[in-house]
Amino acid sequence: MARSAARHRVVAALAAAICLTTGLTACSSGTGGGGTATADASGPLKVWARAAGDSPKAFQAIFDAFTKKTGIKIETFFTLTDFEAKLSAAATAHDLPDVVFNDAAQLGNFKTQGIIRPVDKSKVAGADQLTPASWESAKDVQGNVYAVPFSAQANLLFVRSDWLTKLNLAPPKTWDDVAAVAKAFTTQDPDGNGKNDTYGLAVPGSTTRGYISWYWSTFFWQAGGEYFNGSNGKFSATVNTPEALKATQWFKSLFCDQKVVQPSSLNDTTTETNKAFQTGVTGMYYTGPYAFATMDATPIKGKYTVLAPPAGPANAKTLAEGTNIYLMAGNRPNAARQFAEFAITPEAQKLGMTAVPSATIVRLPVNSTVDAAASHNSDPRWTLAQQVYKDQGHYEPVSMPNWAQLRQTTSDALNGLIAKCGDPQAALTSLNDKLGSLLKQQGVAAG
Amino acid sequence: MAALRTSSAPVTLPAKRDRSGPHPGTVRAHRYRWVIPWLFLAPALAFFAVFKFWPSIWGVYLSLFHVQPYLGDEWVGFANFSKAFSDPDLRAAVGHTVLDAAVAVAGSMFVGFLLALLLEAPARHVRILRTAVFLPAVTAMVAVAELWHALLFPGRYGAVNSLLGDFGVGPLPFLSSPNSSLATIMLVQIWKHAPYDMVIFIAGLVGIDRQLYESASIDGANAWQRLRAVTLPSLRPVTTIVLILGLIRGLRVFTEIYVLTNGGPGGSTESIVTTVYKTTVTNNDAGYASAISSLLLVATIILTSATLWWRHRRENA
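In this text, all values refer to a predicted model and were calculated from it rather than measured experimentally.

J.: Describe the overall build of chain B, with residues and values.
T.: Within chain B, the regular secondary structure consists of 14 helices and two strands. Against the compact-globule benchmark of 20 Å for 317 residues, chain B has a radius of gyration of 27 Å, which places it well outside the compact range. For chain B, with 317 residues in total, the buried portion stands at 38%. Here the analysis covers contacts within chain B between residues at least 6 apart in sequence; of these, 64% occur between residues at least 24 apart. Within the structure as shown, chain B displays about 19,000 Å² of accessible surface, and the carbon and sulfur contribution to it stands at 68%.

J.: An account of the state of the cysteines is needed here, citing residue identities and associated values.
T.: All names here are of chain A. With the rule as written, the count across this model stands at one disulfide over all chains. For cysteine 256, the disulfide goes to cysteine 421, at an S-S distance of 2.0 Å. Here the disulfide of cysteine 256 and cysteine 421 is left-handed, its torsion about the S-S bond being about -95°. Here cysteine 256 is found in helix H9 (residues 242-256), whereas its partner cysteine 421 is found in the loop between helix H16 (403-420) and helix H17 (424-441), with 165 residues between them in sequence.

J.: Requested: an account of the interface of chain B and chain A, with residues and values cited.
T.: Accessible area lost when the parts come together is the quantity often used to give the size of an interface. If you look at the interface, chain B gives 31 residues, while chain A gives 44 residues. With both chains or domains summed, chain B and chain A bury close to 3,300 Å², and 62% of this area falls on carbon and sulfur atoms. Area buried by chain B at its contact with chain A is led by Trp34(B), Trp54(B) and Tyr70(B), which between them contribute 22% of it. Across the chain B-chain A interface, the total number found is zero salt bridges. Taken together, the links from chain B to chain A amount to eight residue pairs in polar contact (both at pLDDT 80 or more). Elements supplying a minimum of two residues to the side of chain B that touches chain A: helix H2 (35-62) and helix H6 (141-151) of chain B. Top element by residues in the side of chain B that touches chain A is H2(B). It accounts for six residues. Grouping the constituent residues of the side of chain B that touches chain A by class yields 17 nonpolar, 10 polar and four charged.

J.: How would you summarise the packing of helix H2 (residues 55-70) of chain A against helix H13 (residues 346-354) of chain A if you had to cite specific residues and measurements?
T.: All names here are of chain A. Following both chains from N to C, one finds H2 and H13 inclined at 155°, their axes separated by 8 Å at the closest point. The orientation of H2 relative to H13 falls into the category roughly antiparallel. Considering how the two elements wind past one another, H2 and H13 form a crossing that is right-handed. Here Ala61, Ile62 and Ala65 of H2 come into contact with H13, specifically with Glu347, Ala348, Leu351 and Gly352. Among the residues making up the contact of H2 with H13, the classes are represented as five nonpolar, one polar and one charged.

J.: Go over the sheet that holds strand S6 (residues 199-202) of chain A with me, naming the residues and quoting the values.
T.: Residue and element names in this part refer to chain A. In spatial order, the strands read S6-S9-S5-S10; together these four strands make up an open sheet with mixed pairing. Edge positions in the sheet fall to S6 and strand S10 (304-307), since each has one partner strand and no second. Neighbour to neighbour, the strand axes of the sheet diverge by 20° on average, direction disregarded. Taken together, the three bridges between S6 and strand S9 (residues 282-287) define a ladder with parallel strand orientation. Across the sheet, the residue bridging to tyrosine 199 is threonine 282, located in S9.

J.: Mind laying out the nonpolar core, listing which residues take part and the relevant values?
T.: Counting residues in each nonpolar core, the largest one holds 138 residues, and the members touching the most others are Leu45(A), Phe101(A), Phe158(A) and Phe228(A). For Phe101(A), the residues in contact, after removing those within four places along its chain, are Val47(A), Trp48(A), Ala49(A), Arg50(A), Phe59(A), Phe63(A), Phe83(A), Phe150(A), Asn324(A), Ile325(A) and Phe339(A).

J.: Mind laying out the packing of helix H13 (residues 272-281) of chain B against helix H14 (residues 286-316) of chain B, listing which residues take part and the relevant values?
T.: Residue and element names in this part refer to chain B. At a minimum axis distance of 8 Å, the contact between H13 and H14 shows a crossing angle of 160°. Comparing the axis directions of H13 and H14 gives the class roughly antiparallel. Considering how the two elements wind past one another, H13 and H14 form a crossing that is left-handed. Residue-level inspection shows Ile272, Val273, Thr275, Val276, Thr279 and Thr280 of H13 in contact with H14, the latter providing Ala286, Tyr288, Ala289, Ile292, Ser293 and Leu296.

J.: Describe the side chain of Gln262(A), naming the residues involved and giving the relevant values.
T.: Residue and element names in this part refer to chain A. Position of glutamine 262 among the secondary structure elements: in the loop between H9 and helix H10 (270-278). On the basis of relative accessible area, glutamine 262 is assigned to the buried category, the value being 2%. Reaching out from glutamine 262, the side chain makes a polar contact with the backbone nitrogen of valine 203 at a distance of 3.0 Å. Here glutamine 262 is in contact with Tyr199, Leu201, Ala202, Val203, Asp268, Thr273 and Thr282, once residues within four sequence places are set aside.

J.: So what's going on with unusual backbone geometry? Residues and values would help.
T.: At the junction of Gly264(B) and Pro265(B), the peptide bond is cis and its omega measures out at -10° in the coordinates. Along the polypeptide, Pro265(B) turns up in the loop between helix H12 (255-260) and H13. Despite not being glycine, Ser378(A) shows a phi value in the positive range, around 55°. Assignment of secondary structure puts Ser378(A) in the loop between helix H14 (372-375) and helix H15 (380-392).

J.: Break down H17(A) for me, with residues and values.
T.: Residue and element names in this part refer to chain A. Relative to the 26 Å expected for 18 residues at 1.5 Å per residue, H17 spans 25 Å between its end C-alpha atoms, a close match to the ideal helical length. Among all positions in H17, only Pro424, Ala427, Leu428, Leu431, Asn432, Leu435, Leu438 and Leu439 are buried. Take H17 and look down its axis: the buried residues cluster within an arc of 135°, on one side only. Turned more than 90 degrees from where H17 packs its buried face, Asp433, Lys440 and Gln441 sit exposed. Where H17 is buried, its residues contact strand S7 (228-231), strand S8 (234-237), H9 and H16. Residue glycine 443 follows H17 closely and has a positive phi angle near 80°.

J.: Lay out the packing of aromatic side chains with the relevant residues and their values.
T.: This model, assessed by the stated rule, comprises 49 aromatic pairs over all chains. Plain terms: the ring middles of Phe158(A) and Phe292(A) are 5.7 Å apart, the flat faces sit at 35° to each other, and that makes the pair tilted. With Phe158(A) in strand S5 (residues 156-160) and Phe292(A) in helix H11 (residues 291-296), the pair connects residues that are 134 residues apart, well separated along the chain. When sorted by exposure, Phe158(A) lands in the same class as Phe292(A), which is buried. Measuring from centroid to centroid gives 4.5 Å for Trp175(A) and Trp250(A), while their planes differ by 15°, and the two rings are stacked. Taken together, the residues Trp175(A) in helix H7 (residues 175-187) and Trp250(A) in helix H9 connect sequence positions 75 residues apart. Across the pair, exposure class does not vary: Trp175(A) and Trp250(A) are buried alike. An aromatic cluster of three or more residues is present, and its members are Phe59(A), Phe63(A), Phe66(A), Phe78(A), Phe101(A), Phe150(A), Phe339(A) and Phe342(A). Sitting above the plane of the Tyr157(B) ring, Arg156(B) keeps its charged end 5.3 Å from the centroid.

J.: Quick one: what's the story with the confidence of the model for chain B, residue by residue and with numbers?
T.: Averaged over every residue, the pLDDT of chain B is 89; the share at 70 or more is 91%. For this predicted complex, the interface confidence reaches an ipTM of 0.82, while the overall pTM sits at 0.85.

J.: If you had to explain the pattern of salt bridges to someone new, which residues and values would you point to?
T.: Residues and elements named next belong to chain A. A complete count under the given rule lists 16 salt bridges over all chains for this structure. For the salt bridge of glutamate 136 with lysine 139, the shortest nitrogen-to-oxygen distance reads 3.0 Å. Take glutamate 136: its relative accessible area is 48%, and that puts it in the partly exposed class. Here glutamate 396 makes a salt bridge to arginine 407, at a shortest N to O gap of 3.7 Å. Taken together, the residues glutamate 396 in the loop between strand S13 (393-395) and H16 and arginine 407 in helix H16 connect sequence positions 11 residues apart. Like arginine 407, glutamate 396 is buried. Several salt bridges converge on common partners, so that one network encompasses Asp296, Asp379 and Arg381.

J.: Just give me the short version of H10(A), but keep the residues and values in it.
T.: Along an α-helix, residues three or four positions apart point the same way, because every turn accommodates 3.6 residues. Restricting attention to buried positions, one finds in H10(A) the residues Thr270(A), Glu272(A), Thr273(A), Ala276(A), Phe277(A) and Gln278(A). Where H10(A) terminates, the next one or two residues include Gly280(A), which has phi positive at roughly 75°.

Each value, and the rule that gives it
- Residues numbered from 1 in each chain as written.
- Chains lettered and ligands numbered in written order.
- Predicted model: local features only at pLDDT ≥ 70, side-chain atom pairs only at ≥ 80, totals over all residues.
- Heavy atoms only, no water.
- Helix = DSSP H or I, 4+ residues; strand = E, 2+ residues; numbered from the N terminus.
- Rg over C-alpha atoms; globule rule 2.2 N^0.38 Å.
- Buried < 20%, exposed > 50% of the residue type's maximum accessible area, 1.4 Å probe, protein only.
- Contact = heavy atoms within 4.5 Å.
- Areas by Shrake-Rupley, 256 points an atom, 1.4 Å probe, with all protein chains shown as cover.
- Disulfide = S-S within 2.5 Å.
- Buried area = accessible area lost by both parts, 1.4 Å probe.
- Salt bridge = Lys/Arg side-chain N within 4 Å of Asp/Glu carboxyl O.
- Polar contact = N/O pair within 3.5 Å; in protein donor to acceptor, adjacent residues only side chain to side chain.
- Nonpolar A, V, L, I, M, F, W, Y, C, P; charged D, E, K, R; others polar.
- Axes fitted to C-alpha atoms, helices over the stretch in contact; angles between N-to-C directions.
- Parallel < 35°, antiparallel > 145°, perpendicular 65-115°, else oblique.
- Left-handed = near helix turned anticlockwise from the far one by under 90°.
- Pairing = 2+ DSSP bridges.
- Core = buried A, V, L, I, M, F, W, Y, C linked by side-chain atoms within 4.5 Å.
- Expected span 1.5 Å × (residues − 1).
- Arc of directions from axis to C-beta.
- Phe/Tyr/Trp six-rings, centres within 6.5 Å; stacked < 30°, edge-to-face > 60°.
- Lys NZ or Arg CZ within 6 Å of the ring centre and 35° of its normal.
- pLDDT = per-residue confidence, 0-100.

Here is the structure:
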């Protein structure tokens, strides 16, 4: 009996060892070998994009055109919600894709992780055709280029034109106009249903993905503020300036004093905020030209007008964003570069705009020779969008080593300030300190 | 069974075989029979090893590093842990989590017990009712949270507020005010988890000997006294299970908070796991996140063991 008990223990230990080794092999790194800086490894080009729904079809149209032109096959991977996690796993296994389509806001992050290669603009055919503003969103803090721009957009102001007509209001042209129109929309029952169920301005006030600071940035810059000041890789935070205070006080008053924002704002992401505009809960919304297709698919089609964002006290800057093509530290650098060169040609940019009408993966073309309106049935809203991007577009400081972390901290501060209707100066001072210590952590603090 | 009985003679079984010594031909089979259960368990064990045990051990290991997936991890020793102990945001998150766990678990146990008392009956209509009441427990939390987000719209004409307005209660801010956001999340959690506790309590109630109730009534106990003297003491082991499950569930609350408020407004509903998530995804600091998770694991083990030990002492007192 004692012998079989001992044998029990031996086999139990063996079973545990087998489980452990199974786990270890599951953990081991994947394949990665082959390829040098000059000669590509064999196999298809691996391209990943953060996309879901109809967008992958639009990407596939560009990929098919590229394969037809060059004969290089492409192996694709699309996901939306856990894209960064999957990319992290690939990085751990040293099995990165060759090309990644992702927001320009990820540039500093990718570079800090060491997973993207610098881009030599002179070796990219057609680089001179791209707008200078789009190249700015592809640079790091030192000014070195680390991506090839693919798409761009800037926020516009969407207003319910039927509500303006009903209340006899002119389209807003200044901050005061915006506040006045918002007040009228909230108190004067513009939808005529006898209930006080409408609000002036739709704001995604949640801290998810930094939405509230993403939205507030437009007003911050329009008051003359800037997030950081510095050069050559050394910066200090400047969000506690008088300009920042002016913007924050105005923004806070919309929520706390005038109460013209939808009441669920502090927990709303853009999904809920889009709905708030589309279902007639709010009458104004700052969002990008990608919203034309989605808004037109709802009952408010034809009932809203699109304006250039009204100017603030200092200027009329508006939030600009972009999608970049990142050339990853993979094994097929030459094919990857060829792909990037194709993606910025007029043919590919037009495909991105028109291949799938419900999924415009190229919002505004970064190629200056391509006209956005011409690809959208001469819709004048696209002409306006292109002009606003050119004249008023202003990017977030995406070249910071981890802009997402800085944006998250700003969002937490703004969300907290408005949740308690607190003191803007105190909130901005505390935020400035936090940003300063984050800059130090990220290694780009001045002094 | 009646067919097996013969007329009058008692049934005699054949004499028991003597199994003490070795028998030719059956030695090998007898010696290795104990392997069979392990073979049955092996697939499940392998699955758990790969997807649960190994990631947990690896996570604790990673907490000693500054994790950089591509550039290679840097050893930092206990720096992540000392950072965790001095982080004010994490302390606030722990406070919210503990409060939320305490109230949500107590609430769902209380409501679950009430529902169990009401719905513990063999009648068919009660079975249908029980299934209906149990539905929240089997719905996906993400879908439920999205629905509640829409229902709890804080304006005058939100779904729940319209209902309250008909009773003269003013529009409540629910999730959009830091004063009521955590309470609202606790209510949603109670709504979702009480049916689960109800089912466990029903199983416990069914196992109580009916004769105890009868003898209590004969002794003159009314319904309330029967509850206190018969039902509650008999349910002690079940209550322990429900409490432990609730504690573990409460400490790792994530989905409700992430979908409903993302930790806001103003950080009033931040929990331990939402902090871990943000640290990993936004701050790219998987080492620090692993340290927090390891501390959570240790806390959960301590609490569970303490609950079991306390119950053990009470049982044997």
